[in-house]
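So the chains spell out like this:
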Amino acid sequence: MTIQSPVMAEFAPNLQFHREGLIDLCGQWGFAFDDADLGMLEGWWKRADVFDKAITVPYPPESKLSGIGAPGFHPVIWYHRTFQTRKLARDERLFLHFGAVDYAASVWVNGQCVATHRGGHVPFSADITGVLNGEGEQTVVVRAEDQPRDVRVPRGKQDWLEDPHAIWYHRTSGIWQPVWLSIVPALHFTDIHFVPDLINARVRCEVRLNAAPIEPTRLTLKFGVKGKSLAEQSVMLADSELCFDISIPQIEHGTYRDHLLWTPEKPNLVDAEITLEGKMPDRVKSYLGLRSVSVCNHLFLLNEHPYYLRLVLGQNYWPESHLAAPDAAALRKEVELIKSMGFNGVRVHQKIEDPRFLYWCDVLGLLVWEEMPSAYAFSSSMMERLSQEWMEAIRRDKSHPCIVAWVPLNESWGVSHIATREDQAHFASALYHMTKALDPSRPAISNDGWELVESDIWSVHDYAPDGEGLSSRFHNREDMEAMLKGMGPARRRLVLGGRELGDKPVMLTEFGGLSYTPKQGDNWHGYSTVSDPQEFEACLRDLFLAIAASPNLAGYCYTQVTDTEQEANGLLTAARVPKLPLETIRDITTMPAAIMPQEKVDNARRVARKAAGHE
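The model shown is predicted, which means the values in this text are computed figures rather than measured ones.

Cut-off values and rules
- Residues numbered from 1 in each chain as written.
- Predicted model: local features only at pLDDT ≥ 70, side-chain atom pairs only at ≥ 80, totals over all residues.
- Heavy atoms only, no water.
- Helix = DSSP H or I, 4+ residues; strand = E, 2+ residues; numbered from the N terminus.
- Salt bridge = Lys/Arg side-chain N within 4 Å of Asp/Glu carboxyl O.
- Buried < 20%, exposed > 50% of the residue type's maximum accessible area, 1.4 Å probe, protein only.
- Axes fitted to C-alpha atoms, helices over the stretch in contact; angles between N-to-C directions.
- Parallel < 35°, antiparallel > 145°, perpendicular 65-115°, else oblique.
- Left-handed = near helix turned anticlockwise from the far one by under 90°.
- Contact = heavy atoms within 4.5 Å.
- Nonpolar A, V, L, I, M, F, W, Y, C, P; charged D, E, K, R; others polar.
- Expected span 1.5 Å × (residues − 1).
- Pairing = 2+ DSSP bridges.

K.L.:
Talk me through unusual backbone geometry; I want residue IDs and the actual numbers.
P.N.:
Of note, the amide linkage connecting Val57 to Pro58 takes the cis form, showing an omega dihedral of 20°. Tracing the backbone shows Pro58 in the loop between β3 (53–57) and β4 (76–85). Note the cis peptide between Asp102 and Tyr103, where omega equals 10°. You will see that Asp37, though not glycine, has its phi angle at about 55°, which is positive.

Below is the structure:
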């Protein structure tokens, strides 16, 4: 039995924090390039005549679906549109929300600046009640600045050159996630988070309000499963923040436990409704998954049991819309395709993904490693920008049951001298500790791939062209530990500072990267090449067999889901067409892992059930 969360509403940009009556502002907006950066001097936020183009929001102007399709350098762009609003009651407030604007945004409503924000992958909101022109038509203008050559901003895989090179892609500027309005009470929730504590049969609830109540106000939280009550609790709230526990005694008993806990195989979800009482109540709908993640004894644990991670690297990039999804359905399809290939998780690479993608990972059962987009030059401004945006990402996403690891840095990008410069090593350590302070319930990896400082998992990137190379490094524990303490396959130190390896798990978090041999003149980047599907399958089997046979690897991450621009090393094409039959890929990726002897038993049982017609 799978307990489903609410069905995706027609417009629901974030079902982990959902109010009724949201007003969608996506669609046609006026648009203008401001290459000379004159808009601020000329007061474009007060004008309509300069918006000589139309753009479809939320697609970036570099993309085809935006209707603009201009991939060149345009550091400053402007948006304009009008919307209608009804008359607000005295205790109502109208908020304007942006899912993500890359990179720095300024927002005006009716000629008044209501918000500025920096950070291209995270949301922000503005209370626009005080600038409304009564009821009726209102005007919103957005200025977005994304300096393409500034490598001190967290940009991920977005190229700083005009044409994509190596492993970097076309840019995604401006608005690239939904825009919407919501009407809320004067006193309202800004944050709601849930942290399951399975061992003690409870859930830690963290709430934040926009202000402290004038007098203590009752807060009521209800958990339900398929319309039936699971738990309910009321507390009095006298401050703007409160943490409290709610007991879930059912998870103490095996009779209920298997039907309540969240796993990729059984993605059971619990509905949540939280209400702040008062003259005008605020009611938010959410959901949670009852699950725990941890590491010990060289293993990754899900719900206190060993669990083998079969991840695939997801760039989550579409040719026609870049980082933005073509539509909400494409986000669900991406999750379904990944699961159909036998993977139980995805490492979303260099991108803070749309909450709607995380929703489908929660509902359909797909683990996620969330990774901060990198900057590429170390400086004080880079540290400030990356730290702030990473904190905002964790704040938005920490209640998703699908997320099982945080990755603030990748392959020393932005900290290229971390092995020899103390300031860069301290920054990586600080990011790890900040991440653990914000969310101690999940593992964190300081610098995925190599040159690791404090980390809960020793993660290694190894693009060996064959299984023999992987076996030589990961099959014998003594050989593997010698590598971890010394130089890795990418000619980089792996674990820095003489840190003890302890009993932390080791994972191969990038490998493979197989692509078909490029033709003369192709814009291509990859690792190993194959000539045809038969060789592709044989090479895949060779690599995955070596990994499955290792008694030391607690999981892996294959590069990658799809071909992405010149990186033609996906299991699927950029159009999401499999290069091998999905069943063949699944057979390869799900080989029983030597580190998990029980997997052979599970596999034999699965084969028997399938033969008997039970699956």
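Next comes the rest of the description.
K.L.:
Tell me about the pattern of salt bridges, residues and numbers included.
P.N.:
Once the charged atoms of two side chains with opposite charge are near each other, the side chains can pair. What the rule picks out here adds up to 37 salt bridges. Here Arg202 ties to Asp197 by a salt bridge, and the two come within 2.9 Å at their closest N and O atoms. Of the charged contacts, one joins Arg541 and Glu537 as a salt bridge, the two residues approaching to 3.1 Å between their closest N and O atoms. Residue Arg541 and its partner Glu537 are both found in helix α9 (residues 533–549); the two are separated by four residues, about one turn of the helix. Judged by relative accessible area, Arg541 falls into the partly exposed class, the value being 28%. Note on Glu537: relative accessible area 27%, which makes it partly exposed.

K.L.:
Provide a residue-level description of the packing of helix α3 (residues 328–340) against helix α4 (residues 355–364), including the pertinent values.
P.N.:
Direction vectors running N to C along α3 and α4 enclose 45°, while the axes themselves pass 9 Å from each other. Considering the angle they form, α3 stands oblique to α4. Considering how the two elements wind past one another, α3 and α4 form a crossing that is right-handed. Contacts between α3 and α4 pair Ala328, Leu331, Arg332, Glu334, Val335, Glu336 and Lys339 from the former with Arg356, Phe357, Trp360, Cys361 and Leu364 from the latter. Of the residues contributing to the contact of α3 with α4, the split by class is seven nonpolar, no polar and five charged.

K.L.:
Describe in detail helix α6 (residues 422–438), supporting the description with residues and values.
P.N.:
The end-to-end C-alpha distance of α6 is 24 Å, a good match for the 24 Å that 17 residues give at a rise of 1.5 Å each. Within α6, burial applies to Gln424, Ala425, Phe427, Ala428, Ser429, Leu431, Tyr432, Met434, Thr435 and Lys436. Elements that come into contact with the buried residues of α6 comprise α5 (380–397) and β26 (403–407).

K.L.:
Tell me about the sheet that holds strand β19 (residues 282–288), and please be specific about residues and values.
P.N.:
Across the sheet, which stays open at both edges, the four strands sit in the order β16-β15-β18-β19 with antiparallel pairing between neighbours. Looking at strand neighbours, the two that pair on one side only are β16 (228–237) and β19, the edges of this open sheet. The sheet shows a mean angle of 15° between the axes of neighbouring strands, taken without regard to direction. Sheet topology places strand β18 (residues 270–276) next to β19; seven bridges connect them, and they run antiparallel. When the sheet's bridge partners are listed, Thr275 is paired in β19 with Arg283.

K.L.:
I'd like to hear about the environment of Val179, residue by residue, with values.
P.N.:
By secondary structure assignment, the location of Val179 is in strand β12 (residues 179–185). Looking at Val179, the relative accessible area reads 0%, which means it is buried. If sequence neighbours within four positions are ignored, Val179 has contacts with Phe11, Ile23, Asp24, Leu25, Cys26, Trp29, Val57, Leu96, His97 and Phe98.

K.L.:
With reference to specific residues and values, describe the packing of helix α7 (residues 467–474) against α9.
P.N.:
Running from amino to carboxyl end, α7 crosses α9 at an angle of 15°, the nearest separation of the two axes being 8 Å. The angle between the axes of α7 and α9 places the two elements in the roughly parallel class. Classified by chirality, the crossing of α9 by α7 is right-handed. In this structure, α7 uses Gly467, Leu470 and Ser471 to contact α9, whose residues at the interface are Asp542, Leu543, Ala546 and Ile547. For the contact of α7 with α9, the per-class residue count stands at four nonpolar, two polar and one charged.

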